[in-house]
Amino acid sequence: MSRAASRSGSAAFVLHSHDWSESSLILELFTRDHGRVVAVAKGAKRPYSQLRPVLMPFQRLLVTFGARRSEDAEVWLLRQAEWAGGPAWPGGSALLPGFYLNELTMRLMVRHDPHPALFDAYGQTLQAMAEPTLLQAALRAFELHLLRQLGHLPDLASETVGGQRVQAGGLYEIHPELGVQSARWVGEPGAGPAMIPGHALLGMEAALNAAVGQDAPLTSPWDESGGARPSVIPTLMAACMPALGELKAITRSLIHYHLGSQPLRTRALMLELQQP
């Protein structure tokens, strides 16, 4: 079978890596042009490899892939990777949530399904997470955007079953199967499903709609100053602020439903660390 031509450079982030041999790595990459890609980085563990200091999570890279033996090859060959600029991610208190972000993206996205707008949102989410006061809003914003991009989030401006428009003064529930519906819980407050104000749902839907049309190819997803191009994340973070507590329970329920029986390891680790 003839070899496909080498692929030109693509913006990418490393989501995960593990040993393939004594000198090489298997990488889970989130690329702007190709979506989630599994690639082998031969010789990346050697002391003097140019790839070794570059293939780190949370920094934007420019990667080049080698020719593939067939169009349906599952594992690609990483030929080159270099730091693509942009602000450094400080980590700190956001380090573990950052790994949660990577695991969530890796688990929900299928391979070779490009989502350029989601890639741009991921980069801007990392920047927002560097500020401790914005960490939770950034996580909720990305979770919503990820669910919407992958087709797992219903229209938040209308009730899913009846189609009635969400009222700003009403209270609503969001279920993985039933979607948005008027709150029906009549028991003790806090004992039933999370309920979210209608005005918050309307604000989040408006922010999500701002992402429409951002999948168009860009010369670079970063502006001349090295920062990410405008995306849905800042506006969506502001829309999430009034209902962060309720929203965390809602996104957790939606994500758990679509992940299936295997929980996220990073979420379990964060819960263990919170215990006295």
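Residues numbered from 1 in each chain as written. Predicted model: local features only at pLDDT ≥ 70, side-chain atom pairs only at ≥ 80, totals over all residues. Heavy atoms only, no water.

Student: Would you mind going over the side chain of Thr125 with me for this structure?
Tutor: Along the chain, Thr125 turns up in helix α2 (residues 116-129). Sequence-distant contacts of Thr125, that is, excluding residues within four places in its chain, are made with Leu101, Ala138, Phe142 and Ile233. (Helix = DSSP H or I, 4+ residues; strand = E, 2+ residues; numbered from the N terminus. Contact = heavy atoms within 4.5 Å.)

Student: Sorry if this is basic, but what is going on with the packing of helix α3 (residues 135-149) against helix α4 (residues 198-209) here?
Tutor: How two helices sit against one another is set out by the angle between their axes and by the gap between those axes. Direction vectors running N to C along α3 and α4 enclose 60°, while the axes themselves pass 11 Å from each other. In the crossing of α3 with α4, the sense of the turn from one axis to the other is right-handed. Of the residues in α4, those in contact with Leu144, His145 and Arg148 of α3 are Met204, Glu205, Leu208 and Asn209. Of the residues contributing to the contact of α3 with α4, the split by class is 3 nonpolar, 2 polar and 2 charged. (Axes fitted to C-alpha atoms, helices over the stretch in contact; angles between N-to-C directions. Left-handed = near helix turned anticlockwise from the far one by under 90°. Nonpolar A, V, L, I, M, F, W, Y, C, P; charged D, E, K, R; others polar.)

Student: Looking at this structure, how should I read α4?
Tutor: Residues lying three or four places apart along an α-helix face the same way, a consequence of the helix completing one turn every 3.6 residues. Its 12 residues place the ends of α4 17 Å apart at the C-alpha level, agreeing with the 16 Å of an ideal helix rising 1.5 Å per residue. Buried within α4 we find Gly198, Ala200, Leu201, Met204, Glu205, Ala207 and Leu208. Looking at the buried positions of α4, the neighbouring elements they touch are α3, β6 (171-175), β7 (179-182), β8 (196-197), α5 (233-240) and α6 (244-259). (Expected span 1.5 Å × (residues − 1). Buried < 20%, exposed > 50% of the residue type's maximum accessible area, 1.4 Å probe, protein only.)

Student: What's the story with the pairing of β7 in this structure? I'm lost.
Tutor: Pairing of β6 with β7 involves 4 bridges; the strand directions are antiparallel. Pairing of Glu173 across the sheet is with Gln181, part of β7. Linking β6 back to β7 in an antiparallel pair, the connection comprises 3 residues. (Pairing = 2+ DSSP bridges.)

Student: What should I look at first to understand the pattern of salt bridges in this one?
Tutor: Think of it this way: side chains of opposite charge can pair up when their charged atoms draw near. The full count for this structure, using the stated rule, is 6 salt bridges. Two residues, Arg36 and Glu28, come together in a salt bridge whose shortest N-O distance is 2.8 Å. Here the two residues Arg36 and Glu28 agree in accessibility, since each one is buried. Note that Arg140 is salt-bridged to Glu143, the shortest N-O span being 2.8 Å. Of this pair, Arg140 and Glu143 both sit in helix α3, 3 residues apart, which is roughly one turn of the helix. There is no split in this pair, since Arg140 and Glu143 are both buried. (Salt bridge = Lys/Arg side-chain N within 4 Å of Asp/Glu carboxyl O.)

Student: Can you walk me through the sheet that holds β8 in this structure?
Tutor: Pairing between the strands of a sheet is mediated by backbone hydrogen bonds and can be parallel or antiparallel. The 3 strands are arranged β7-β6-β8 in an open sheet whose pairing can be described as antiparallel. With one partner strand each, in any of the chains shown, β7 and β8 form the two edges of the open sheet. Inspection of the sheet shows β6 paired to β8 by 2 bridges, in the antiparallel sense. Counterpart to Leu171 in the pairing with β8 is Pro197.

Student: Can you help me understand the packing of helix α1 (residues 95-108) against α6 in this one?
Tutor: Packing of α1 against α6 brings their axes to within 10 Å, and their N-to-C directions diverge by 45°. Classified by the interaxial angle, the pair formed by α1 and α6 is oblique. For the crossing formed where α1 meets α6, the hand is left-handed. For the pair α1 and α6, the contacting residues are Tyr100, Leu104, Arg107 and Leu108 in the first and Ile255, His258 and Leu259 in the second. (Parallel < 35°, antiparallel > 145°, perpendicular 65-115°, else oblique.)

Student: I would appreciate a short explanation of the environment of Phe65 in the present structure.
Tutor: In this fold, Phe65 is placed in strand β4 (residues 61-65). C-alpha separation for the pair Phe65 and Val40, spaced 25 residues apart in sequence, amounts to 9.6 Å.

Student: Sorry if this is basic, but what is going on with α6 here?
Tutor: Counted at 1.5 Å a residue, the expected span for α6 with its 16 residues is 22 Å, and the 22 Å between its end C-alpha atoms agrees. Buried residues in α6 make contact with α1, α3, β6, β8, α4 and α5. Phi turns positive one or two residues past the end of α6, at Gly260, with a value near 90°.

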